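Each chain, written out:
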Amino acid sequence: MGLITPIGLDTDSSWQSALNGVSGGNKIDTIDTSAHKVQIGASLKGFDASQYIDPREASRLDPFLQLGLAAVDQAVASAGIADPPDPERIGIAMGSGIGGIKTIEDTHSVLLDRGPRRVSPFFVPSSVINMISGNASIKHGFKGPNIAIVTACTTGTHNIGYGARMIQYGDADVMVAGGSEWSTTPLTLAGFASMRALSTRNDEPERASRPWDVDRDGFVLGDGAGALVIEEYEHAKQRGADIYCEVTGFGVSADAYHITSPPNSGEGAIASMRNALADAKLAPDDVQYVNAHGTSTPQGDIAETLAIKEVFGADSKVAVSSSKSMIGHLLGAAGAVEAGFCALSLRDQRIHPTINLDNQDPACDLDYVPHTARDAKLEHVLSNSFGFGGTNGSLIFSRV
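Please read all numbers here as calculations on a predicted model, not as lab measurements.

(A) Examining the overall build of the protein more closely. Helix and strand counts for the protein come out as 13 helices and 14 strands. Relative to the 2.2 N^0.38 estimate, which gives 21 Å for 400 residues, the radius of gyration of the protein is 20 Å and therefore close to what a compact globule would have. Across its three principal directions, the C-alpha atoms of the protein cover 65 × 55 × 40 Å. Accessible surface for the protein amounts to roughly 15600 Å². Of this, 51% is attributable to carbon and sulfur atoms.

Here you go:
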């Protein structure tokens, strides 16, 4: 896998920071936020695209493409598939929730200020979401399926789930799957703020993302990318791959309720989790940990809590934690990074904490692993992602 997050620029540093409860919240300093109601995010610090991409080429790529290609490079290197004997059997499924919004904003300014003749010929290929998969395929010579599923904040999860199914259907032996997002831009920040979706805790950015806390007031917009290498089991064994875990279940559903808000009952989330359990042929009691969508929004946290209780039982001992308490909400990349954390949880038999949970909401009454990482015996873990438009996805990972 390859993970680039607000708490680490590679897999190991991101995971160790998560276990240590490090917050990636910060004042956004890449743009002028002085006129913005929300001035905080979980933006990346120190990312250098030239470590992965020729600087001249990087200058033609939106930051979301740079991050996605870097995460793919990390994943390809760690999986040992940089020079495969069968590139026709390796595919890519990398998406984004919004795509090249920075390039779109910047190019629109050029159009208004300097006219249409000054619009770059690289504008379109730098903005289109499937260009992570396209560029990565060209760079690594992978000639298998080349897709980019786009489902808002469920993007990463859906790419992983359907990437795994493409392997099950025989379309590929290996899929590089996940998502990337660079959304801390003026327009995106203003748009989410106008919806009152974001935390306004501008004086305490590191404490702003606080899922299930009574003082939560919205999510924190973050930047990052995650890419997972999924491989047919016998194919992986034959080449001696280092296997983290198995993708055993994938479930999807729709709320059919509202364009941005979940139903209070969590009905769509319930269906998604139950579909994943059915796909994995597991009972709810078989799952020890849920990596929740856990965004830190007043309504969403309660709906997910009710959904988990409905699926796993009101008295369930299942542990639940939110990666977003530390990395913020990476939108289209969130599910990919959180899936990576689930795989690492299975490898290390540890659950990362939910930070900033100082005053737990009485309506949110599950075991959210507050403040401190926990050792646990993990056989099966579930990861949730829910997106605007009422689209839901759940993945189950199992110990090999």
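Now that the structure is up, let's keep going.
(B) Expanded view of the environment of Ala254. Within the fold, Ala254 resides in strand β8 (residues 246-254). Spatially, the C-alpha atoms of Ala254 and Gly387 are 9.5 Å apart, while their sequence positions differ by 133 residues. Ignoring any residue separated from it by four or fewer positions in sequence, one finds Ala254 in contact with Gly268, Gly390 and Asn392.

(C) Broad picture of a nonpolar patch on the surface. Nonpolar side chains collect at one region of the surface, where Tyr233, Ile243 and Val400 lie side by side and expose about 270 Å² of accessible area between them. Owing to a relative accessible area of 41%, Tyr233 belongs among the partly exposed residues under this scheme.

(D) Local environment of the side chain of Thr33. Residue placement: Thr33 occurs in the loop between β2 (26-27) and β3 (40-41). Residue Thr33 is classed as buried on the basis of its relative accessible area of 10%.

(E) Inspection of unusual backbone geometry at higher detail. The backbone of Ala152 sits at a positive phi, close to 50°, despite the residue not being glycine. Turning to its location among the elements, Ala152 is positioned in the loop between β5 (146-147) and α7 (155-168).

(F) Representation of the sheet that holds strand β10 (residues 319-321) in the model. With respect to topology, five strands assemble into an open sheet ordered β8-β14-β13-β9-β10, the strand pairing being mixed. Of all the strands in the sheet, the pair left with one neighbour each is β8 and β10. The average undirected angle you get between the axes of adjacent strands in this sheet is 20°. Judged from the eight bridges that link them, strand β13 (residues 380-387) and strand β14 (residues 391-398) form a sheet pairing that is antiparallel.

(G) Here's a closer look at the nonpolar core. Core analysis: the biggest nonpolar cluster contains 41 residues, and Ile160, Phe341, Val381 and Phe397 have the highest contact counts within it. Every element with two or more residues in this core is listed here: α1 (11-19), α7, β6 (174-181), β7 (224-231), α12 (324-327), α13 (334-348) and β14. Contact partners of Ile160, with chain neighbours within four places excluded, come to Ala177, Gly178, Leu228, Ile230, Gly335, Ala336, Ala339 and Leu395. If you look at the next biggest cluster of nonpolar residues, it comprises 28 residues, including Ile4, Ile53, Ala58 and Ile132.

(H) Here's a closer look at the pattern of salt bridges. Counted by the stated rule, this structure contains 22 salt bridges. Between Arg201 and Glu204 there is a salt bridge, with its nearest N and O atoms 3.2 Å apart. The salt bridge partner of Asp365 is Lys309, with a shortest N-O separation of 3.0 Å. Here the residue Asp365 occupies a position in the loop between β11 (350-351) and β12 (374-375), and Lys309 occupies one in helix α11 (residues 298-312), the gap between them amounting to 56 residues. With a relative accessible area of 43%, Asp365 lands in the partly exposed category. Through salt bridges that share partners, Arg201, Glu204, Arg207, Arg210, Asp213 and Asp358 make up one connected network.

(I) Layout of empty space enclosed by the protein. Counted by the stated rule, this structure contains two cavities of 30 Å³ or more. Counted as a void, the largest cavity has a volume near 50 Å³. In terms of lining, the largest cavity is formed by Gly161, Ala164, Arg165, Gln168, Val247, Thr248, Gly249, Phe250 and Asp279. Those elements that place two or more of their residues in the lining of the largest cavity are α7 and β8.

(J) Here's a closer look at the pairing of β7. Burial analysis of β7 places seven of its eight residues in the buried class, which makes it a mostly covered element. Summarising the sheet, β6 and β7 pair through eight bridges and their orientation is antiparallel. Directly across from Gly179, in β7, lies its bridge partner Gly226.

(K) Inspection of the packing of α1 against α13 at higher detail. For the pair α1 and α13, the least separation of the axes is 11 Å and the interaxial angle reads 75°. Between α1 and α13, the angle falls in the class roughly perpendicular. Together, Thr11, Ser14, Trp15 and Ala18 of α1 and Phe341, Leu344, Ser345, Arg347 and Asp348 of α13 make up the contact between the two elements.

What counts and how
- Residues numbered from 1 in each chain as written.
- Predicted model: local features only at pLDDT ≥ 70, side-chain atom pairs only at ≥ 80, totals over all residues.
- Heavy atoms only, no water.
- Helix = DSSP H or I, 4+ residues; strand = E, 2+ residues; numbered from the N terminus.
- Rg over C-alpha atoms; globule rule 2.2 N^0.38 Å.
- Areas by Shrake-Rupley, 256 points an atom, 1.4 Å probe, with all protein chains shown as cover.
- Contact = heavy atoms within 4.5 Å.
- Patch = residues over 30% accessible without salt bridge, like charges linked within 9 Å, V, L, I, M, F, W, Y side chains within 5 Å.
- Salt bridge = Lys/Arg side-chain N within 4 Å of Asp/Glu carboxyl O.
- Buried < 20%, exposed > 50% of the residue type's maximum accessible area, 1.4 Å probe, protein only.
- Pairing = 2+ DSSP bridges.
- Axes fitted to C-alpha atoms, helices over the stretch in contact; angles between N-to-C directions.
- Core = buried A, V, L, I, M, F, W, Y, C linked by side-chain atoms within 4.5 Å.
- 1 Å grid on protein atoms, 1.4 Å probe; cavity = no way out; pocket = protein on both sides within 12 Å on 5 of 7 lines; lining within 4 Å.
- Points joined across faces, edges and corners; volume = space filled by probe spheres on them.
- Parallel < 35°, antiparallel > 145°, perpendicular 65-115°, else oblique.

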